[in-house]
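What the coordinates show
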Amino acid sequence: MPAGPEHTIVPIRTTVERMNRGIDIYRIQTRIFHRHRWPIFLTAMALYAGGVLIFGPSLRISSNYLVALPVIAAALGFGFWGGFSAGMLGLPANLMLFAIIGHPEFSPESKLIAEIFGITVGGSMGALGDYFKILNEEIQANRQMAVELSQQISDREVLIQEVHHRVKNNLTLILSLLQLQRNQNDSEDFRSAMEIVTARIRAIASAHDHIYTHETSTSVNLKRHLPALCRAIIDSQNIPSLTFHHDIQFKSGISLQKATPLSLIILEIITNSCKHAFPTEQKEPRIFLYGRESDGEFILIISDNGHASAVQGDGGGLGSTIIRALAKQLRASLIVNTDKGYEYVIKIQKFGIPARKPSPPRESASELPSAELSDPRNQAPDTTSRRS
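What you are looking at is a predicted structure, and each value in this text was computed from that prediction instead of being measured.

Once that is clear, we can look at the packing of aromatic side chains. Applying the stated criterion across every chain yields a total of ten aromatic pairs. For the pair Trp38 and Phe78, a centre-to-centre distance of 5.0 Å together with 75° between the ring planes defines the contact as edge-to-face. Here Trp38, found in helix H3 (residues 37-59), pairs with Phe78, found in helix H4 (residues 68-101); they are 40 residues apart in sequence, far enough to count as distant. On the numbers, 6.1 Å between centres and 50° between planes, the contact of Tyr131 with Phe132 is tilted. An aromatic cluster is built from Trp38, Phe41 and Phe78, whose rings are joined through pairwise contacts.

Here's what the structure looks like:
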């Protein structure tokens, strides 16, 4: 599926965590040298001067390198001009300290090269300190932006869930009103029509309820949603001993835009089977739901072991019209097989790409090359539920 907010928020939070960890050298430059530059610089000067005065006679000419302490401290604390100035004053400071300890011969032989080297090192370190400062400001700005964006996405998720919750509540209110109207009318035809309408509204409400009650706010987990929907439909038909078998192996979810018409399609198919496929003498009536992902598409098979001749399969009923219209809305291919009971094969593209043209209506699921599916009625089901 296309990346939605629930996919986007994870890398954003990861980016924030990485920024919070930071890089040690940024922290050292920003939190230590830049924030406490004067104490650090004065400490470095004291260490430098003390080291030359105390250990100069022992270190001899090597004591020239101690001037690097204040040069580095000035460069990282005060930037380019601080490093440049410290590097330029490094040689005069060495000459003065060597004169104090009485060993002017410890000074470099080439004063010009030593001066150029000090200025180059100090200026380079200062430029690096300025770069770290600018980089740290950009990191702070990006971190703040990532935090704000993460908060906006979290707020949007809450709003979306609230919308789904209100839609579900409104649909429940509509169901209650329809139920009251149904109870006030004695016509069996009217009651039957109202039952069909309320069942369709429940199928729509179930998709919104799934999004509100689960962790994602933009997609429906078909592995949880479809079996629950099918059980609710079958339970409403009051058929004793009807067994429901399902084996759903979908790994990814589907958008609400597709989940709602798909739920209505399943409602029409299962309702049709419950009403017409099982005569009173039918032994062990069963309904099967089988799903797999293959080649960038969802492949769903709904079937029963009833009598196909008893089902309204001529395509002229309202249920068949609704199924075809919803399949067209989903850009899904729909295959109908009546060799063993009634079987619907629905193939839905994951990424909104138009599905391939529907195959001839009597093609069996076992003949689908891309799906490589076998008849689910001949397989051991993963899960069953039985009407008592």
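Once that is clear, we can look at the nonpolar core. As a rule of thumb, soluble globular proteins bury nonpolar side chains together. With 43 residues, the main nonpolar core has Ile270, Leu300 and Ile346 as its most contacted residues. At ten residues, the largest contribution of residues to this core is made by helix H8 (residues 256-276). With residues near it in sequence (within four places) discarded, Ile346 still touches Ile265, Ile269, Phe298, Ile299, Leu300, Ile302, Ala332, Ser333 and Leu334.

This part is about unusual backbone geometry. One non-glycine residue, Arg60, adopts positive backbone phi at about 60°. Position of Arg60 among the secondary structure elements: in the loop between H3 and H4.

Two elements in contact, H8 and helix H9 (residues 318-330), have axes separated by 9 Å at closest approach and are oriented at 155°. The orientation of H8 relative to H9 falls into the category roughly antiparallel. Note that H8 runs across H9; the crossing there is left-handed. Within the contact between the two elements, H8 uses Lys258, Pro261, Leu262, Leu264, Ile265, Glu268 and Ile269 and H9 uses Gly319, Ile322, Ile323, Leu326, Ala327, Gln329 and Leu330. Partitioning the contact of H8 with H9 into residue classes produces ten nonpolar, two polar and two charged.

With 34 residues, H4 ought to run about 50 Å at 1.5 Å a step, yet its terminal C-alpha atoms sit only 19 Å apart, falling short of that. Once H4 finishes, Gly102 follows within two positions and takes phi at roughly 80°, a positive value.

Cut-off values and rules
- Residues numbered from 1 in each chain as written.
- Predicted model: local features only at pLDDT ≥ 70, side-chain atom pairs only at ≥ 80, totals over all residues.
- Heavy atoms only, no water.
- Phe/Tyr/Trp six-rings, centres within 6.5 Å; stacked < 30°, edge-to-face > 60°.
- Helix = DSSP H or I, 4+ residues; strand = E, 2+ residues; numbered from the N terminus.
- Core = buried A, V, L, I, M, F, W, Y, C linked by side-chain atoms within 4.5 Å.
- Buried < 20%, exposed > 50% of the residue type's maximum accessible area, 1.4 Å probe, protein only.
- Contact = heavy atoms within 4.5 Å.
- Axes fitted to C-alpha atoms, helices over the stretch in contact; angles between N-to-C directions.
- Parallel < 35°, antiparallel > 145°, perpendicular 65-115°, else oblique.
- Left-handed = near helix turned anticlockwise from the far one by under 90°.
- Nonpolar A, V, L, I, M, F, W, Y, C, P; charged D, E, K, R; others polar.
- Expected span 1.5 Å × (residues − 1).

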